[in-house]
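Chain and residue survey
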Amino acid sequence: MFIVQVLLFIFVLAMIIWLLSSIAVVVHQGEVKVVESFGRFVRTLDPGLHFLIPILYTVRQRVSLKQVPLEIPPQSAITRDNVIVQIDEAIKYHVTDVRAFVYDNEDSVTAMIQDAQSNLRGIIGKMDLNEVLNGTEEINVALYESIKDITAGYGLAIDRINIGEILVSDEIINSMNKLITASRDKESMITLSEGRKHSVILDSEAKASEMEIDAEARSKQTKIDAEARAERMKIDAEAEAEKIRVITEAEQLRIRSLNEAIKNSELTPEALQYLGLEAFKEVVNSSTNTVIIPSNMTELGNVPAMKTLWDATEGK
């Protein structure tokens with residue numbers, strides 16, 4: 001009898017615990033719980049304590065709203081230049097629509113992975129190997145833009161997607177290394193050629209500049225010399241003109257003095273004529289070839305001998 005009572009007590013206690021667990025539902029922060037009524041979606045329970053009517057309402061599933069990191073296994077893709085590469089991806093996502101995530105897709109995460117892989121193959125197929133190896137950031141952006149709207153229909157939002165390691169065969173790596181070496185040698189030769197070309201241009205420009213400077217210097221020197229000669233000729237001409245002016249003024253002064261002396265001597269015209277003849281005689285008898293003729297030719301008539309010769313000529 002005691003054992004029956006203990007068993008009954010345990011059964012009642014278990015029923016009470018089951019009822020309490022069915023009635024009271026605790027939802028933790030960062031998650032929600034989906035409530036159904038006979039298999040039909042009713043609502044979601046937010047974080048906190050909730051009470052449900054047993055049998056009428058049941059909790060079907062707990063859905064995390066936290067960001068979830070996901071590593072996608074490596075996949076093969078063919079580039080535009082027909083090179084096979086192995087690429088892996090890492091996606092971070094979170095649930096935005098609980099109802100679509102649970103009821104609209106059997107496996108929303110798997111669908112998201114398949115879409116990411118398919119779109120990645122399409123992106124890689126439009127790029128050369130060098131573009132793939134050097135353009136991971138561009139691939140990340142293109143892949144994110146291509147699937148963000150698709151995953152929204154799965155109740156998911158992609159926060160970030162990253163391309164991981166890109167692997168190619170050893171044969172391709174060796175070929176690339178040879179190509180890189182050849183490209184570097186070519187660039188080195190181009191750089192050396194450009195350097196020599198630049199050096200020749202600089203030398204030519206320097207020589208041209210030197211010749212231009214020399215020509216300008218010679219031109220300036222010639223101009224200075226010409227100006228100096230012109231200035232010297234001007235000074236000489238001015239000095240000669242001044243000399244002539246001084247001599248002329250002195251001669252005029254001497255003539256005026258002589259005229260004044262003759263005027264003041266009170267000599268008769270006959271005496272002056274006699275003195276002139278005597279002076280002329282001295283000139284004629286001198287050893288020089290100098291002939292003195294009066295500045296006014298009419299004055300020759302004032303000389304008696306000249307006048308006699310002139311009159312005789314007129315008579316004939």
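Heads up: the structure comes first, above all this text.
Everything in this summary refers to the structure shown in the same document. (Residues numbered from 1 in each chain as written. Predicted model: local features only at pLDDT ≥ 70, side-chain atom pairs only at ≥ 80, totals over all residues. Heavy atoms only, no water.)

Details of the sheet that holds strand β5 (residues 58-64)
Selection rule: Here the rule is simple: two strands pair whenever DSSP picks up at least two bridges between them. By definition, any uninterrupted DSSP run of H or I lasting at least four residues is a helix, any uninterrupted run of E lasting at least two residues is a strand, and each is numbered from the N terminus. Interaxial angle, 0 to 180 degrees, is taken between N-to-C directions of lines fitted to C-alpha atoms, where a helix line uses only the stretch in contact.
Taken in spatial order, the 3 strands line up as β3-β2-β5 in an open sheet, and their pairing is antiparallel. Each edge of the sheet is formed by a strand with only one pairing partner; in this case those strands are β3 (40-45) and β5. For this sheet, the mean inter-axis angle between neighbouring strands, taken without regard to orientation, is 30°. In terms of strand pairing, strand β2 (residues 31-37) meets β5 through 6 bridges, oriented antiparallel. Residue pairing in the sheet places Val35 in a bridge with Val59 of β5.

Comments concerning the side chain of Lys33
To keep it simple, the criterion reads: Burial status follows relative accessibility: with a 1.4 Å probe on protein chains alone, a residue under 20% of its type maximum counts as buried, one over 50% as exposed, and anything between as partly exposed. Counting rule for charge: Lys and Arg are taken as positive, Asp and Glu as negative, and neither His nor the chain ends is counted. Whenever a carboxyl oxygen of Asp or Glu lies within 4 Å of a side-chain nitrogen of Lys or Arg, that contact is scored as a salt bridge. Any pair of N or O atoms that falls within 3.5 Å is considered a polar contact. Within protein, one atom must be able to donate a hydrogen and the other to accept it, and sequence-neighbouring residues count only if both atoms are side-chain atoms. By definition, residues are in contact when any of their heavy atoms lie within 4.5 Å.
Tracing the backbone shows Lys33 in strand β2. As a buried residue without a salt bridge, Lys33 has its nearest oppositely charged side chain in Glu31, at a separation of 5.0 Å. Side-chain polar atoms of Lys33 contact the backbone oxygen of Val26, separated by 3.0 Å. Each residue touching Lys33, except ones within four places of it in the same chain, is listed here: Val25, Val26, Val27, Arg43, Thr44, Leu45, Val59, Gln61 and Arg62.

Description of the nonpolar core
Using the following cut-off: To qualify as a nonpolar core, a set must consist of buried Ala, Val, Leu, Ile, Met, Phe, Trp, Tyr and Cys residues joined through side-chain atoms within 4.5 Å.
The biggest cluster of nonpolar side chains holds 35 residues, and the ones touching the most others in it are Val63, Val85, Ile91, Met112, Ile124 and Ile139. At the level of elements, β2, β6 (68-78), β7 (84-95), α2 (98-104), α3 (108-124), α4 (129-134), α5 (136-152) and β8 (156-167) are the ones that each hand at least two residues to this core. Look past the residues within four positions of Ile91 in its chain and what remains in contact with it is Val68, Pro69, Leu70, Ile72, Met112, Ala116, Ile158, Arg160 and Ile161. Judged by nonpolar contacts, the second largest core, of 5 residues, contains Val25, Val35, Leu45 and Leu52.

Focus: α3
Test applied: Every helix has an expected span of 1.5 Å times one less than the residues it contains.
Counted at 1.5 Å a residue, the expected span for α3 with its 17 residues is 24 Å, and the 24 Å between its end C-alpha atoms agrees. Residues of α3 that are buried in the fold lie against β6, β7, α2, α4, α5 and β8. Looking at where α3 begins, the residue whose side-chain oxygen comes 3.4 Å from the main-chain nitrogen of Val109 is Asp107.

Some details on the side chain of Ser37
Tracing the backbone shows Ser37 in strand β2. One polar contact links the side chain of Ser37 to the main-chain carbonyl oxygen of Leu56, over a distance of 3.1 Å. Ignoring anything within four residues of it in the chain, the contact list for Ser37 reads Val42, Leu56 and Tyr57.

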